[in-house]
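Summary of structural features
For reference, the chains in residue letters:
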Amino acid sequence: MNAMSEAQISLSETAARQIREIVKGQDKPYLRVSVVGGGCSGFSYQFDLEAERAEDDLAIERDGATVLIDEMSVDFLKGSEIDYVDELIGASFRIHNPNATAACGCGTSFSI
């Protein structure tokens, strides 16, 4: 097994349901989750729809939904759960990342 398959990144049932809704009828059937530099805590999560899977992508599948994560981002997301929350202040994808030592209030920026 390689490090990509051992990353143990999971997708919640509510996130899978929301991804299926978002990509329904689109020509981009995948949700890409990546980590980029920036944000108020040093790193930010980025969410994009993708039409194709790259050869080095980690694909996480649940209930007909697929999330793609590039090789560089996998290291930052090891052990994380990708979730979708619908709260009074708004609905969004959320990453529950055990590697993050700090996060901003919006939940999209973190530091390690």
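Here is a short report on the structure shown in this document. In this text the structure is predicted, and so the values were computed from the model without any measurement. Within any chain, residue numbers begin from 1 and follow the written order of that chain's sequence. Reporting of local features is limited, given that this is a predicted model, to residues whose pLDDT is at least 70; pairs of side-chain atoms are given and counted only at 80 or more, and all residues count toward the totals for whole chains, interfaces and linings. Based on all heavy atoms of the structure, the side-chain values leave hydrogens and waters out of the count.

What follows deals with the packing of aromatic side chains. To describe a pair of aromatic rings, one takes the distance between the centres and the angle between the planes. Ring geometry is summarised as follows: Phe, Tyr and Trp rings, the Trp one being its six-membered ring, pair when their centres sit within 6.5 Å, and such pairs are stacked at plane angles under 30 degrees, edge-to-face over 60 and tilted between the two. What the rule picks out here adds up to three aromatic pairs. Seen from their ring centres, phenylalanine 47 and phenylalanine 93 are 5.7 Å apart, and the 25° between their planes marks the pair as stacked. Pair noted here: phenylalanine 47 is in strand S3 (residues 43–50) and phenylalanine 93 is in strand S7 (residues 90–96), with a separation of 46 residues, a long-range link. Each residue's exposure class comes from its accessible area (1.4 Å probe, protein chains only) as a fraction of the maximum for that residue type: buried when under 20%, exposed when over 50%, partly exposed otherwise. Looking at phenylalanine 93, the relative accessible area reads 13%, which means it is buried. Considering the side-chain rings of tyrosine 84 and phenylalanine 93, the 5.1 Å spacing of their centres and the 65° angle between planes classify their relative orientation as edge-to-face. Among the aromatic residues, those joined into a cluster by ring pairs are Phe47, Tyr84 and Phe93. Runs of E in the DSSP output that reach at least two residues are strands. Runs of H or I that reach at least four are helices, and both are numbered from the N terminus.

Below, the discussion takes up unusual backbone geometry. Of note in this structure, aspartate 63 is not a glycine but carries a positive phi near 50°. With respect to the helices and strands, aspartate 63 occurs in the loop between strand S4 (58–62) and strand S5 (65–69). You can call aspartate 63 partly exposed: its relative accessible area is 48%.

Now for the environment of serine 12. Tracing the chain through its elements places serine 12 in the loop between strand S1 (10–11) and helix H1 (13–23). Between the alpha carbons of serine 12 and glutamate 81 there is a distance of 6.8 Å; along the sequence they are 69 residues apart. Of note is the side chain of serine 12, whose polar atom sits 3.2 Å from the side chain of threonine 14. The term polar contact refers here to a pair of N or O atoms within 3.5 Å; inside protein, the definition further demands a hydrogen-donor-capable atom paired with an acceptor-capable atom, and it admits residues adjacent in sequence only when both atoms are side-chain atoms.

Residues belong to a common nonpolar core when they are buried Ala, Val, Leu, Ile, Met, Phe, Trp, Tyr or Cys residues joined through side-chain atoms within 4.5 Å. Ranked by internal contacts, the top residues of the largest apolar core, which has 22 residues, are Leu11, Val67 and Ile69. Going through the elements one at a time, H1, strand S2 (30–37), S4, S5, helix H2 (71–77), strand S6 (81–87) and S7 are the ones with two or more residues in this core. When residues of this core are assigned to their parent elements, the largest contribution, four residues, is made by H1. Contacts: residue pairs with any heavy atoms within 4.5 Å of one another. Aside from chain neighbours lying at most four places away, what touches valine 67 is Leu11, Ile19, Leu31, Val33, Leu58, Ala59, Ile60 and Ile82.

The complete set of buried residues in H1 reads Ala15, Ala16, Ile19 and Val23. For H1, the arc enclosing every buried residue in end-on projection is 100°, short of the 170-degree limit, so these residues lie on one face. An arc is given here, and it is the one of the directions from the helix axis to the C-beta atoms.

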